Amino acid sequence: MSATLPIPLADAKPKAPRFRVAVYEGAGAELLPPGARTELVCALLAKGFSVSVIRVNGTVSATNSGTLVVLGQFADAKPERAEDGDAIVHFRDIRNKPTAEVVALAEGIRAELNLPKPGGWKPWFPVIDYDRCTNCMQCLSFCLFDVYGIDADKKIQVQNNNKCKTDCPACSRVCPEVAILFPKYKHGPINGDVVSTDDIRRENMKIDISALLGGDIYEALRDRSAKFKSRFNKERDADKALEERTKCLVKIGEKLDIPPEVFASLPSMDQIRTKATEAAAKAQAALNMQDKN
Amino acid sequence: MSIPLRILYCNCSYANVVPKATKEAVLRGLTESGIPFDAVPDLCEMSAQRDPSLHDLTGDDIKIVACYPRAVKWLFHAVGAKLGDGAEVINMRTDSPESILPKLLPEVPA
């Protein structure tokens, strides 16, 4: 790890220990029929298990700690549970067992250990490309959901990825260096595709569009809100005002590919103002610290 | 070609961004070959959960079949794991199974 790169969340602890399932076809075990092997690996992946397929030749990644469930058609009897250094190994003979039953064996061990079942949410969160990031703090200033923070060295980092709004890539739009990725986004370069000169030009244009909307998106929202209130007071036409506001949000959302749910979850205008001020202050403090250093 | 020491396959389970047919063909090619490999449900989720296993899946001697190399590199970095300079990332979002499998399996002609 380069000393110049921030180590993300140095104090962050893993949410669960290592847990892996091995489909074992190495020495002392019979090969599974090809079709059955494919079906088993697919079924295990679908249930959120990391899987190692172990054969006689070659290697897989080591498991030096945590739990390893070894599934195979063993020639000799194996203990149900054994210790291998810091790792706990569970052996299960899967001879003549249908795939669903084998998967249930692994699920049973995971449940016994009270490990979380993966797959409850779409893993949507920003990933920073530190080869491109200039630590300008635009993302920190922009995000109202406290996804970003700064580390001890005042470097930008993703601190609360679970607070990110699913399918919203808005912060990547304000990044002047195209340094924010959402790997599950549909289009490049936000999905991690190579950044071209045209992409940088387009990103700059998007920032200009944002400026045209009134300084930034939140400013635009605030302006619209003020207009909405004004019109509402004059006309007393709640439906018309709501329609106008919806149109505005839809327009901004379409321009920046922001899902309507994100707008629906925005804090109140007062809260936005407070949060934006706090975030800007935090970003400015970090920038000032950089200047001093 | 020589057999890579390790192969890691990402199933990108929790989004429809990698063509399903590509994932299935590559996984089938791997399971039906005689080559050992590691497979994970979703590298993004592992990164989000700060799964310590990501540290086991690094090194110079690994071929990762997943999505864009830039995304994979920084997903690992996000948990403090660094891919080795010799690590190769193969992109299932853009490449076909016919072009991917020969890079992984010695018996499949390019």
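Residues numbered from 1 in each chain as written. Chains lettered and ligands numbered in written order. Predicted model: local features only at pLDDT ≥ 70, side-chain atom pairs only at ≥ 80, totals over all residues.

### Here we look at the overall build of chain B
Next up, step 1: Looking only at helices and strands, one finds five helices and four strands in chain B.
Next up, step 2: The N-to-C order of helical and strand elements in chain B reads β-α-β-α-α-β-α-β-α.
Next up, step 3: For 110 residues, the compact-globule estimate of 2.2 N^0.38 gives 13 Å, and the C-alpha radius of gyration of chain B, at 13 Å, lies within 12% of that figure.
Next up, step 4: A principal-axis box enclosing the C-alpha atoms of chain B has dimensions of 35 × 30 × 20 Å.
Next up, step 5: Counting every position in chain B, which comprises 110 residues, the buried fraction comes to 56%.
Next up, step 6: Restricting to contacts in chain B with at least 6 residues of sequence separation, those with at least 24 account for 73%. (Helix = DSSP H or I, 4+ residues; strand = E, 2+ residues; numbered from the N terminus. Rg over C-alpha atoms; globule rule 2.2 N^0.38 Å. Buried ≥ 20, exposed ≤ 12 C-beta atoms within 10 Å, placed from the backbone. Contact = placed C-beta atoms within 7 Å.)

### Focus: unusual backbone geometry
All names here are of chain A.
Next up, step 1: In the segment running from Gly188 into Pro189, the intervening peptide bond is cis, with an omega of 0°.
Next up, step 2: By the secondary structure assignment, Pro189 is in the loop between strand S10 (180-181) and helix H5 (197-212).
Next up, step 3: The phi dihedral of Asn96 is positive, around 65°, even though this residue is not glycine.
Next up, step 4: Its location among the elements puts Asn96 in the loop between strand S6 (86-93) and helix H2 (99-112).

### Brief notes about the packing of helix H1 (residues 34-46) of chain A against H2(A)
Residue and element names in this part refer to chain A.
Next up, step 1: The geometry of H1 relative to H2 is characterised by a closest axis approach of 10 Å and an angle of 40° between their N-to-C directions. As the angle between them shows, H1 and H2 are arranged oblique. Here the hand of the crossing between H1 and H2 comes out right-handed. Contact residues: H1 offers Glu39, Leu40, Ala43 and Leu44, while H2 offers Thr99, Val102, Val103 and Ala106.
Next up, step 2: Of the residues contributing to the contact of H1 with H2, the split by class is six nonpolar, one polar and one charged. (Axes fitted to C-alpha atoms, helices over the stretch in contact; angles between N-to-C directions. Parallel < 35°, antiparallel > 145°, perpendicular 65-115°, else oblique. Left-handed = near helix turned anticlockwise from the far one by under 90°. Nonpolar A, V, L, I, M, F, W, Y, C, P; charged D, E, K, R; others polar.)

### Considering the interface of chain B and chain A
Next up, step 1: Counting residues at the interface gives 41 residues for chain B and 48 residues for chain A.
Next up, step 2: Where the side of chain B that touches chain A is concerned, the elements lending two or more residues are helix H1 (20-32), strand S2 (37-40), helix H2 (43-48), helix H3 (53-56) and helix H4 (69-77) of chain B.
Next up, step 3: Along the lines of polarity and charge, the residues of the side of chain B that touches chain A split into 23 nonpolar, seven polar and 11 charged.
Next up, step 4: Across three bridges, strand S3 (residues 50-54) of chain A lies against S2(B) in antiparallel orientation. Residue pairing for S2(B): A:Val51 is matched across the bridge by B:Ala39. (Pairing = 2+ DSSP bridges.)

### What about the nonpolar core?
Next up, step 1: In this structure, A:Cys139, B:Tyr9, B:Val65 and B:Val72 are the most contacted members of the largest nonpolar core, which totals 97 residues.
Next up, step 2: Looking at which element gives the most residues to this core, the answer is H4(B), with five residues.
Next up, step 3: Structurally, this core is a two-domain feature, drawing no fewer than three residues from each of domain 1 (19-112) and domain 2 (127-292) of chain A.
Next up, step 4: Residues contacting B:Tyr9, with those up to four places away along its chain left out, are B:Val26, B:Leu27, B:Leu30, B:Phe37, B:Ala39 and B:Val65. (Core = buried A, V, L, I, M, F, W, Y, C linked by C-beta atoms within 7 Å. Domains from an automatic or database assignment.)

### Points about H1(B)
Next up, step 1: Relative to the 18 Å expected for 13 residues at 1.5 Å per residue, H1(B) spans 18 Å between its end C-alpha atoms, a close match to the ideal helical length.
Next up, step 2: Within the span of H1(B), buried status applies to B:Thr22, B:Lys23, B:Val26, B:Leu27, B:Gly29, B:Leu30 and B:Thr31.
Next up, step 3: Looking at the buried positions of H1(B), the neighbouring elements they touch are H1 and S3 of chain A together with strand S1 (6-10), S2, strand S3 (62-66) and helix H5 (97-104) of chain B. (Expected span 1.5 Å × (residues − 1).)

### Some points on the pairing of strand S4 (residues 88-91) of chain B
Residues and elements named next belong to chain B.
Next up, step 1: Strand direction decides the pairing type here: S3 and S4, joined by four bridges, are parallel. Its bridge partner being in S4, Lys63 is matched across the sheet by Glu88.
Next up, step 2: Regarding topology, H4 serves as the crossover connection from S3 to the parallel S4, and that connection is right-handed. (Right-handed = clockwise from strand over helix to strand, strands pointing away.)

### Section: the pairing of S3(A)
Next up, step 1: Counting buried positions over the five residues of S3(A) gives five, a clear majority of the element.
Next up, step 2: Going residue by residue along S3(A), you find A:Ser50, A:Ser52 and A:Ile54 tucked away on one face and A:Val51 and A:Val53 tucked away on the opposite face as well.

### A word on the confidence of the model for chain A
Low-pLDDT stretches of the model should not have their predicted coordinates read in fine detail.
All names here are of chain A.
Next up, step 1: When pLDDT is averaged along chain A, the result is 81, and 77% of the positions lie at 70 or above.
Next up, step 2: Put simply, helix H6 (residues 217-235) is where chain A has its lowest mean pLDDT, 51, and strand S7 (residues 127-128) is where it has its highest, 98.
Next up, step 3: In this model, residues 1-5 is a region of pLDDT below 50 whose contacts with residues beyond four sequence positions or in other chains number four contacts.
Next up, step 4: In the model, residues 208-215 has pLDDT below 50 throughout and makes nine contacts with residues more than four positions away in sequence or in other chains. (pLDDT = per-residue confidence, 0-100.)

### Some remarks on the confidence of the model for chain B
Next up, step 1: When pLDDT is averaged along chain B, the result is 92, and 93% of the positions lie at 70 or above.
Next up, step 2: Both scores are given for the predicted complex: the pTM is 0.83, the ipTM 0.94.

### So, the environment of A:Cys143
Residues and elements named next belong to chain A.
Next up, step 1: In this fold, Cys143 is placed in the loop between helix H3 (138-142) and strand S8 (148-150).
Next up, step 2: Each C-alpha atom, one on Cys143 and one on Cys164, is 9.1 Å from the other, the two residues being 21 residues apart in sequence.
Next up, step 3: In contact with Cys143, not counting residues within four places along its chain, are Tyr148 and Cys171.

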